[in-house]
Amino acid sequence: MRRSGTHRAPRSWSGVRPAGPAAQSYPPPVAEAHGGGPAGGGELIPPWLVRGLELARSRLRGDAPVDEFGFDRELTETVLAAPLRPLVEHWFRVDVRGLEHVPGTGGALVAANHSGTLPVDALVTQVVLLDRHPAHRPLRLLAGDLVFELPLLGSLARRSGATLARREDAERLLAHGELVGVFPEGYKGLGKPWAERYQLRRFGRGGFVASALRTGRPIVPCAIVGAEEIYPMIADAAPLARLLGLPYFPVTPTFPWLGPLGLVPLPSKWLIEFLPAVQTAGYGPEAADDPGLVAELTARVRDAVAESLARLLDERGPAFG
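Residues numbered from 1 in each chain as written. Predicted model: local features only at pLDDT ≥ 70, side-chain atom pairs only at ≥ 80, totals over all residues. Heavy atoms only, no water.

As recorded by an unreviewed UniProt entry, the protein chain carries the name Acyltransferase family protein and is attributed to Motilibacter deserti.

Written as structure tokens, this is what we have:
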């Protein structure tokens with residue numbers, strides 16, 4: 001669903017615009033965000049880049065409307081998401097189903113499979129919910145420590161709404177009504193070899209389920225098909241990974257052989273499906289301390305994702321067709 005209009009809603013507790021009817025017309029239409037217009041643009045510098053420079057100047061002056069985690073919604077929508085939109089719409093041709101299962105307001109946890117060597121799947125899911133959900137909901141990603149240790153990338157991740165993948169942060173976001181994204185397979189899913197594509201790894205130890213139980217928020221399983229093929233990982237240069245302090249060092253058909261060109265993702269066809277939510281409100285916060293229940297709900301979420309992946313893979317057919 002495309003955005004309609006440029007009305008700006010009042011800010012919420014965190015300094016960001018609340019989801020809901022008042023936010024449905026914000027942010028500006030995708031065509032405008034791309035730099036296009038009624039006549040297709042024609043400007044030497046796209047409007048989103050001009051606006052980005054203006055925002056950069058204002059941030060340098062300290063005029064940053066951010067929440068306690070550093071999330072800057074306007075910068076995210078106007079600048080950070082802009083280069084990803086052509087990938088979503090034209091390169092990956094992302095087909096999205098089940099958006100009605102993602103609440104328009106209130107806290108919820110989106111739990112998805114993870115793959116692709118680089119976390120492009122997380123960024124694509126973030127853009128999809130921002131652009132196509134009726135309430136244009138920001139997805140507050142939970143990321144590993146490594147993301148925030150990298151120069152510049154860590155700061156940009158904070159600005160885009162990401163935070164450390166730890167219980168306290170997740171539960172605070174959920175309690176304040178934010179949509180939180182978690183990829184329970186972690187680096188083991190992200191860095192799995194090509195020969196094991198679409199084979200789900202363990203969904204952690206159920207920490208995301210415990211956080212949902214403590215806050216009484218629903219868990220929305222999410223299946224992503226397409227990310228496995230963008231950087232087919234044929235080997236892991238483990239000694240180099242250890243030297244650089246990385247969880248793995250991918251070797252693909254194009255990287256590192258083609259240098260920077262090897263970072264261009266292959267144009268696989270993507271399908272993303274949000275599944276009916278697993279409700280947790282009826283259990284009570286103390287249920288988070290029940291290992292049996294946590295394991296049961298974790299398995300339920302993982303099984304839902306696995307079943308959806310199998311169905312979507314069969315429906316999609318060839319990845320590059």
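Participant: Give me the lowdown on the nonpolar core, citing residues and values where you can.
Facilitator: Of all hydrophobic cores here, the largest spans 33 residues; its most connected members are Val94, Val124, Val128, Trp270, Ile272 and Phe274. Within the residue set of this core, elements represented by two or more residues are strand 2 (108-112), helix 5 (120-132), strand 3 (139-143), strand 6 (219-225) and strand 9 (271-274). Not counting residues within four places of it along the chain, the set of residues in contact with Ile272 comprises Val94, Asp95, Val96, Arg97, Val124, Thr125, Val128, Cys222, Ala223 and Ile224. One finds Leu109, Phe208, Ile219 and Leu312 within the second-largest nonpolar core, a separate group that totals 31 residues. (Core = buried A, V, L, I, M, F, W, Y, C linked by side-chain atoms within 4.5 Å. Buried < 20%, exposed > 50% of the residue type's maximum accessible area, 1.4 Å probe, protein only. Helix = DSSP H or I, 4+ residues; strand = E, 2+ residues; numbered from the N terminus. Contact = heavy atoms within 4.5 Å.)

Participant: Tell me about helix 8 (residues 167-175), residues and numbers included.
Facilitator: The set of residues buried in helix 8 consists of Asp169, Ala170, Glu171, Leu173 and Leu174. Turning to helix 8, the residues buried within the fold contact strand 2, strand 3, strand 4 (163-164), strand 5 (179-182) and helix 10 (207-215). A positive phi of about 85 degrees marks Gly177, the residue just after helix 8.

Participant: For the environment of Phe320, give the residues involved together with the corresponding values.
Facilitator: Tracing the chain through its elements places Phe320 in the segment after helix 12 (291-316). Considered as a pair, Phe320 and Gly226 are 94 residues apart in the sequence and their alpha carbons are 9.4 Å apart. With near-sequence residues (within four places) excluded, Phe320 lies in contact with Glu229, Leu266, Pro267 and Ser268.

Participant: How would you sum up the packing of helix 8 against helix 10? Please name residues and give values.
Facilitator: With their axes 9 Å apart at the nearest point, helix 8 and helix 10 run at an angle of 40 degrees to one another. One way to sum up the angle between helix 8 and helix 10 is to call them oblique. Considering how the two elements wind past one another, helix 8 and helix 10 form a crossing that is right-handed. Along the contact surface, helix 8 presents Arg167, Ala170, Glu171, Leu174 and Ala175, while helix 10 presents Ala210, Ser211, Ala212, Arg214 and Thr215. The residue makeup of the contact of helix 8 with helix 10, split by class, is five nonpolar, two polar and three charged. (Axes fitted to C-alpha atoms, helices over the stretch in contact; angles between N-to-C directions. Parallel < 35°, antiparallel > 145°, perpendicular 65-115°, else oblique. Left-handed = near helix turned anticlockwise from the far one by under 90°. Nonpolar A, V, L, I, M, F, W, Y, C, P; charged D, E, K, R; others polar.)

Participant: I'd like a description of the pairing of strand 9, backed by residues and values.
Facilitator: By the alternation rule, side chains of strand 9 split into Leu271 and Glu273 and Ile272 and Phe274, which are all buried. Pairing of strand 6 with strand 9 involves four bridges; the strand directions are antiparallel. Directly across from Val225, in strand 9, lies its bridge partner Leu271. (Pairing = 2+ DSSP bridges.)

Participant: Let's hear about empty space enclosed by the protein: which residues, and what values?
Facilitator: Following the criterion strictly, the structure yields one cavity of 30 Å³ or more and no others. Considering only enclosed or pocket space, the largest cavity measures out at about 50 Å³ in volume. Lining the largest cavity are Gly116, Thr117, Lys192, Pro193, Trp194, Glu228, Tyr231, Pro232 and Met233. Of the residues belonging to the lining of the largest cavity, the class tally is five nonpolar, two polar and two charged. (1 Å grid on protein atoms, 1.4 Å probe; cavity = no way out; pocket = protein on both sides within 12 Å on 5 of 7 lines; lining within 4 Å. Points joined across faces, edges and corners; volume = space filled by probe spheres on them.)

Participant: Give me helix 3 (residues 73-80): which residues, what numbers.
Facilitator: Note on helix geometry: an α-helix contains 3.6 residues per turn, so any two residues three or four positions apart are oriented the same way. The buried fraction of helix 3 amounts to seven of the eight residues, a majority that puts the element mostly inside the structure. Restricting attention to buried positions, one finds in helix 3 the residues Arg73, Glu74, Leu75, Thr76, Glu77, Thr78 and Val79.

Participant: So what's going on with the sheet that holds strand 1 (residues 95-97)? Which residues, and what values?
Facilitator: The seven strands lie next to each other as 1-9-6-2-5-3-4, forming an open sheet whose pairing is mixed. Of all strands in the sheet, those with a lone pairing partner are strand 1 and strand 4, marking the two edges.

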